[in-house]
Protein chains: 2
Amino acid sequence: MAMSSTARKRVVVIGGGFAGINAAVNLAKFPVDITLVDRKNHHTFQPLLYQVALAVLSPAEIAQPIRSILRDHQNIEVLMDEAVGFDLEEKRVELKTGAQLEYDYLIIATGSTHSYFGHDEWSKLAPGLKTVEDATEIRRRVLLAFEFAERQMQEAGTHPPLRFVIIGGGPTGVELAGAISDIARLYMARDFRHIDPASAQVLILEGSPNILAAYPPELQKKALDQLSALGVKIRTNAHVTDVQPGYVMIGDERLDATVTLWAAGVQASPLGKLLGVPLDRRGCVIVDQFLNPPEHPEIFICGDLAHVEEDGKQVPGVAQPAMQMGTYAAKRIGRLVSAELGSDGTGLNEPFHYFDKGDMATIGRKAAVANIKWPFHGRWSGFPAWIVWLVIHIYFIIGFRNRLAIFRQWAWTYLTFQDGARLITGSQELPGWDSQYGKQPSEAVVPAESVTTRT
Amino acid sequence: MAMSSTARKRVVVIGGGFAGINAAVNLAKFPVDITLVDRKNHHTFQPLLYQVALAVLSPAEIAQPIRSILRDHQNIEVLMDEAVGFDLEEKRVELKTGAQLEYDYLIIATGSTHSYFGHDEWSKLAPGLKTVEDATEIRRRVLLAFEFAERQMQEAGTHPPLRFVIIGGGPTGVELAGAISDIARLYMARDFRHIDPASAQVLILEGSPNILAAYPPELQKKALDQLSALGVKIRTNAHVTDVQPGYVMIGDERLDATVTLWAAGVQASPLGKLLGVPLDRRGCVIVDQFLNPPEHPEIFICGDLAHVEEDGKQVPGVAQPAMQMGTYAAKRIGRLVSAELGSDGTGLNEPFHYFDKGDMATIGRKAAVANIKWPFHGRWSGFPAWIVWLVIHIYFIIGFRNRLAIFRQWAWTYLTFQDGARLITGSQELPGWDSQYGKQPSEAVVPAESVTTRT
């Protein structure tokens, strides 16, 4: 340690999400050497991921290579690798390749993943939405469902009802439902000749008594109204007991589902378990007011992986607190390093405080609910809330160099709904379609009339 | 048939590439009902596919849903399905789902696919470039190679040479080589800290004595010079005898290859075989001057699947002739229908004539070779040829509604090389990397110095 106190301090950041990127950027101005490790090469702007899933945006519009984001900071290194273990005594991170990274300070911000409540076999049948790959898989399934229905109409004059079942009524479930409803009405009406738009159903299954549980009842009601206006059906207190190709079970009740999506549960990244420190029941690391786990003032847990309480309530696992935690950890490390270097240590022991600016969720293309707490107080819904959502997401969150270019492209595509990214790539199969609906109802030759009839 | 002569004629178009789309659009103005069948939901602008492979453009910028392209033509239907058989007597197409489509006229334009010369097992190790999926797979491999090399440098201070081997020196091989060389120099220099740009090699292996065999010797020479200036190595008369993870064999010689790409051979779509008509050795359907196979004046073969000769030379399998064939078939069907309907049949027996406007291939970001034949004669190379390439590709080929928007986005990304679509999605594995280079050269802890040293 005698040697290392004269050398520059090494900070290892695990995870390139909102917390990790903010930590790295804010650390860069201190005299430290930073290595950011992520198993992906890109940072994903998760709040807009559902728009990739619903074919409005392209992956590259909401994801950026981490190297590009951090390119200008000479004291940041980016390593595409995966942390698989820790030696907290020797202050080392073990990487998947077998290499080890030594650190003086460690920031762990590996986020969360889907929880299928012990039914991991459901993940293939009901994909969730965390990564770019998830989003393109959901896009593939939703678009294929329309193609298959159109094919059935052309070939047989009828098709089984299209039903999109979304398990979970939190913000992601609500945003997916609104976006699918939009795409169904606009896309089907313009690009398909035969499918009956009225036949497409979007259904949210929520286990608890209310959707958007974190929102005030007044906004829950508004969200219900706005979803109803889009034709989205909602069943609360509906506990899914099984997910199968083509249907889901709620107890004894079978609900046909052309496409099933998962927006129900998340669990912390498994990295928390490897630390050997106390976790909550979802696997989040319980940290103190400095975001440190017990007895490790050199380790900071940020973002969804951290269990932090503010006024007795757990800080939610969304972008804003993740960014704030990353920034806080960076500043605190900066202060610790500066204090060691002889500064006066002002503000050294300032605890983390979550500054809650509010929550918002979009409902389709022109409505949203927003529970704003800063810079003003307000509970908004409908179109004004959607405008607030748009401004905040573009101007306050996408803090990268191409904000304006992305905004221009995005606003144009989104507002006009013209030629979004409606590509079906990968397999042409939809789980359950064959078994549920059959490949083709009859061997008979399709009469010319049914092939060319218009609706 | 008595009934069908009073009904509108039905035209089935198989394939949504350049030939199929042009056929459908040009048929739309005649009193016929058109069904276009493609197993993908999108048309791919293949001349720019290599730019998706090399992370300049996003898939959605060069591919568009076929439904969107044809949306405004009320007498065109789009069916996402696959033709698997024909009944030429009864004039029916069998689809994969089991349905059948009746036709009065049939246009088959299913193009070509890679030929691995009987070694289909090479396809996993050396992907070719025909589809959006191929392009994202190549992108993944090329970008991963840089990430892996950087990781080795950080962890061990050295990495095995990065060598990108491109099998085949036609236009696709040359374009891939130029683009990889560009990305290596620009991307590595800006976004990576440790890899030595000089260590990246791009190598073209061409079996014949010359690259760009279809070009005049003068332009072949220019292309060689321009490739050399980019550091691309070329070996002609090099017959690859084996492709393995991490290397290729040329006879007894083993050549290490971090990433191997296939640009060597194409073969016709297997659909040609199902017709029971004469084929050439690559599986192309031999057609007459009306693009009809023998004895089937109601069937038109267009694009890469057609073997058409012009002045004793086979018309090449590229975009221009495919578009011209599609347009020709549409016009001829229109004339046949009009003649049947009582028109005077003017020009009815005009044969297909390929109007050769020339060939061009880009070499990196600022050079190209162009053998222009129309609207002026000229053999251009270097930057002027590149400008010609750019103008022609944007203004003359992308004939869709978003041409301008795509152009703006594309030109900006391409000219600045800023934040293209450098996402690595899918698996994080590179075939042969582990066996070839090892996961990690040593178990030793990386000393802090080697982690933070800059080059």
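Residues numbered from 1 in each chain as written. Chains lettered and ligands numbered in written order. Predicted model: local features only at pLDDT ≥ 70, side-chain atom pairs only at ≥ 80, totals over all residues.

> Please provide a residue-by-residue account of the relation of the copies chain B and chain A, values included.
Superposition of chain B onto chain A requires a rotation of 180 degrees combined with a translation of 0.0 Å along the rotation axis, giving an RMSD of 0.0 Å. These values place the two chain copies in the arrangement generated by a two-fold rotation axis. When C-alpha positions in chain B are compared against the rotation axis, the closest is assigned to Ser-58 of chain B, at 3.6 Å. Looking at the interface residues of chain B, 100% of them are also at the interface in chain A, so both copies use one shared face. (Least-squares fit on C-alpha atoms with pLDDT ≥ 70 in both. Contact = placed C-beta atoms within 7 Å.)

> Describe the interface of chain B and chain A, with residues and values.
Contacts between chain B and chain A engage 56 residues on the former and 56 residues on the latter. Of all the elements, helix H6 (residues 132-156) of chain B adds the most residues to the side of chain B that touches chain A, at seven residues. Here the side of chain B that touches chain A is built from residues that sort into 18 nonpolar, 17 polar and 21 charged. (Helix = DSSP H or I, 4+ residues; strand = E, 2+ residues; numbered from the N terminus. Nonpolar A, V, L, I, M, F, W, Y, C, P; charged D, E, K, R; others polar.)

> Kindly report on the environment of Gly-111 of chain B, identifying the contributing residues and their values.
All names here are of chain B. When you line up the elements, Gly-111 lands in the loop between strand S9 (105-108) and strand S10 (112-114). Separated by 190 residues in sequence, Gly-111 and Ile-301 have C-alpha atoms that sit 9.7 Å apart. Each residue touching Gly-111, except ones within four places of it in the same chain, is listed here: Gly-15, Gly-17, Ser-269, Gly-303, Asp-304 and Leu-305.

> Go over the domain arrangement of chain A with me, naming the residues and quoting the values.
Parsing chain A into structural domains produces domain 1 (2-39 + 81-115 + 266-355) and domain 2 (120-264 + 359-436). A class-by-class count of the residues in the side of domain 1 of chain A that touches domain 2 of chain A yields two nonpolar, two polar and no charged. (Domains from an automatic or database assignment.)

> Could you give an account of unusual backbone geometry, with specific residues and numbers?
Positive phi outside glycine occurs at Leu-291 of chain A, with the angle close to 70 degrees. The residue Leu-291 of chain A is located in the loop between strand S19 (285-286) and strand S20 (299-301) in this model. The backbone of Leu-212 of chain B sits at a positive phi, close to 45 degrees, despite the residue not being glycine. Inspection of the secondary structure assignment puts Leu-212 of chain B in the loop between strand S12 (200-205) and helix H8 (217-229).

> Could you give an account of the sheet that holds strand S8 (residues 100-102) of chain B, with specific residues and numbers?
Residue and element names in this part refer to chain B. Here we have three strands laid out as an open sheet, ordered S6-S7-S8, and antiparallel in their pairing. The outermost strands of the open sheet, each flanked by one partner alone, are strand S6 (83-87) and S8. When strand polarity is set aside, the average angle formed by the axes of neighbouring strands in this sheet is 25 degrees. The pairing of strand S7 (residues 92-95) with S8 spans three bridges and is antiparallel. Each residue of the ladder has a partner; that of Val-93, found in S8, is Leu-101. (Pairing = 2+ DSSP bridges. Axes fitted to C-alpha atoms, helices over the stretch in contact; angles between N-to-C directions.)

> Can you tell me about the pairing of strand S25 (residues 367-372) of chain B, naming the residues and giving the values?
Residue and element names in this part refer to chain B. By the criterion of burial, S25 is predominantly enclosed, with five of the six residues buried. Across six bridges, strand S24 (residues 358-363) lies against S25 in antiparallel orientation. Across the sheet, Gly-358 pairs through a bridge with Ile-372, a residue of S25. Bridge analysis of S25 against strand S26 (residues 378-381) gives four bridges, and the strand direction is antiparallel. In the sheet register, Ile-372 faces S26, and the bridge partner there is Gly-378. Following S25, the chain reverses through five residues before pairing antiparallel with S26. (Buried ≥ 20, exposed ≤ 12 C-beta atoms within 10 Å, placed from the backbone.)

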